[in-house]
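Read off the chains here:
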Amino acid sequence: MKFRAIMGALCAAGLMCGVSAVQAAESIEVLHWWTSGGESKAVGVLKDDMTKQGYTWKDFAVAGGAGAAAMTALKTQVISGNAPSAAQIKGPLIQDWASQGVLVPIDSVAGDWKKNLPPEIDKIMHADGHYVAAPFSVHRVNWLYINKAALDKAGGKVPTTWPEFFAVADKMKAAGIQPIAMGGQPWQDLTLWEDVVLSQGADFYKKALVDLDEKTLTSEKMVGVFDTVRKIQGYFDAGRTGRDWNLATAMVINGKAGMQFMGDWAKGEFTNAGKKSGTDYICAVVPNTDKAYTFNVDSFVFFQQKGQKAATPGQLALAKTIMSPQFQEQFSLYKGSIPVRLGVPMDKFDDCAKKSYADEQVAIKAGGYVPSLAHGMAQPDAAAGAISDVVTKFMNSQEDSKTAVQALAKAAKTK
Ligand code: GAL
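Residues numbered from 1 in each chain as written. Predicted model: local features only at pLDDT ≥ 70, side-chain atom pairs only at ≥ 80, totals over all residues. Heavy atoms only, no water.

**Concerning helix H14 (residues 265-272)**
The α-helix advances 3.6 residues per turn, and as a result positions three or four apart in sequence lie on the same side. For H14, the tally of buried residues reaches six of eight residues, placing the bulk of the element in the interior. Within the sequence span of H14, burial applies to Trp265, Ala266, Lys267, Gly268, Glu269 and Phe270. (Buried < 20%, exposed > 50% of the residue type's maximum accessible area, 1.4 Å probe, protein only. Helix = DSSP H or I, 4+ residues; strand = E, 2+ residues; numbered from the N terminus.)

**Here we look at the site of the ligand**
Around the ligand, the surrounding shell holds 13 residues, and the nearest of these are Glu39, Lys90, Asn296, Asp298 and Lys335. Trp34 is positioned with one of its side-chain polar atoms (N or O) 3.1 Å from an oxygen atom of the ligand. A distance of 3.0 Å separates an oxygen atom of the ligand from a polar atom in the side chain of His375. Against a free-state accessible area of 300 Å², the protein chains account for coverage of 100% of the ligand. Put simply, the ligand lies in the largest cavity. Considered class by class, the residues forming the shell around the ligand number five nonpolar, four polar and four charged. Counting contributing residues, the shell around the ligand receives three or more from each of domain 1 (25-140 + 295-351) and domain 2 (143-291 + 374-411). (Near = heavy atom within 4 Å. Polar contact = N/O pair within 3.5 Å; in protein donor to acceptor, adjacent residues only side chain to side chain. Areas by Shrake-Rupley, 256 points an atom, 1.4 Å probe, with all protein chains shown as cover. 1 Å grid on protein atoms, 1.4 Å probe; cavity = no way out; pocket = protein on both sides within 12 Å on 5 of 7 lines; lining within 4 Å. Sits in = over half its atoms within 2 Å of the grid points. Nonpolar A, V, L, I, M, F, W, Y, C, P; charged D, E, K, R; others polar. Domains from an automatic or database assignment.)

**Considering the state of the cysteines**
Using the criterion set out here, one finds one disulfide in the structure. Two residues, Cys283 and Cys352, share a disulfide whose sulfurs are 2.1 Å apart. Here the S-S torsion is close to -100 degrees, and the disulfide linking Cys283 with Cys352 is therefore left-handed. Of this pair, Cys283 sits in strand S10 (residues 281-285) while Cys352 sits in helix H17 (residues 351-366), and the two are 69 residues apart along the sequence. (Disulfide = S-S within 2.5 Å.)

**As for the pairing of strand S1 (residues 27-32)**
For S1, the tally of buried residues reaches five of six residues, placing the bulk of the element in the interior. Where S1 and strand S2 (residues 56-61) come together, six bridges link them in parallel fashion. Bridge pairing links Ile28 to Trp57 in S2. Here S1 runs beside strand S3 (residues 86-88); their pairing, made up of two bridges, is parallel. If you follow Leu31 over to S3, its bridge partner there is Ala87. (Pairing = 2+ DSSP bridges.)

**Here we look at the nonpolar core**
Among the nonpolar cores identified, the biggest contains 70 residues, and Phe300, Phe303 and Leu318 are the most heavily contacted of them. Looking at this core element by element, the count peaks at six residues for strand S11 (residues 293-302). In terms of nonpolar packing, the next biggest core, distinct from the first, is built from 58 residues, Val197, Leu209, Ile282 and Ala384 among them. (Core = buried A, V, L, I, M, F, W, Y, C linked by side-chain atoms within 4.5 Å.)

**Some thoughts on the packing of helix H13 (residues 245-253) against H14**
Where H13 meets H14, the closest approach of the two axes is 10 Å, and the angle between their N-to-C directions is 50 degrees. By the criterion of interaxial angle, the relationship of H13 to H14 is oblique. Helix-helix and strand crossings are classified by hand; for H13 and H14 the assignment is right-handed. Contact residues: H13 offers Trp245, Asn246, Thr249, Val252 and Ile253, while H14 offers Trp265, Ala266, Glu269 and Phe270. Here the residues of the contact of H13 with H14 sort into six nonpolar, two polar and one charged. (Axes fitted to C-alpha atoms, helices over the stretch in contact; angles between N-to-C directions. Parallel < 35°, antiparallel > 145°, perpendicular 65-115°, else oblique. Left-handed = near helix turned anticlockwise from the far one by under 90°. Contact = heavy atoms within 4.5 Å.)

Shown next, in the form of structure tokens:
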């Protein structure tokens, strides 16, 4: 009675009315790793939307690109019985968490999702025939960002093959520009390495990183992949150890370095810094990968709260908001991605996003649409982690490519 009376008074004062007054009692704790400039701006759209709907947003941000630290924090929370309302989880990990019996289904707000999602992605959002995850956007991983002034100063052209790439890198070096900005965490090593795998063809990528086919993993072509990575490393600066991806992006934004291999969340940083594609920077695809597209789809899953098997109103509202066309548009404009929901207008997006969209359609038709290993879309944690260790060991030692390839085939067997 007392609660109602207070809400009634608030309503009369024009502050909170009806459903939202009741919902105001629910606070939703959201675990994510979106802490860079562009990322926080993007997740801020969701926070504002939810706050407007009367929910209290409890931010549980765990810094660290690609989410390794966030995943460790999540496990601790769930084990100690303090699972957040929602957490940023993607790819096969969604099924992993669902099989622990700790997620809630969100079917009641997903009525029109099937017809509005690419089938490959719709499938990933399910476990046991129920929707358990809500997708945000599609990131393309195989991008190469180039500082336009640095490219002009060096007198180079946008590279489309590896020989062209090394020619540009040499020209930058000769012009006194640090050719490549590279960060220093295992997932960044793996991102570059999978780019080079993709440059051998989408079929090769699929056989190697989706099917984990031993013959492909130990092939001469794979030895060549490691050789190319070794050569690319020759253009890194000495200070990369431990460097975050967004600090490497800042080097390209500020003209301290010429190029960065990174997924299009990097574009969120350029946008956040007020830079324009085509004028200040160029979004080029990784050499030899123009027909292919490594996808990385972020999503949230929803955890049982206080042992309840059904989603709370706040969790359902969150899932519904994430898939709403307006949110999908604004989130991706800040994040550097493209909406995952089909049919969201692209007219407010820049040329890079339009290219991503167009290339996605081509890649889907041509069989070049492949899941990113480095971003948790291609393999369960154990195998992805073991492969990542091999790549990072190679990139941080003088190991030869043939030895690395043998270690790779062994790692792929990790269950
Ligand atoms: C990816 C994630 C992106 C971006 C990036 C760097 O794994 O999918 O949304 O945040 O990490 O943090």
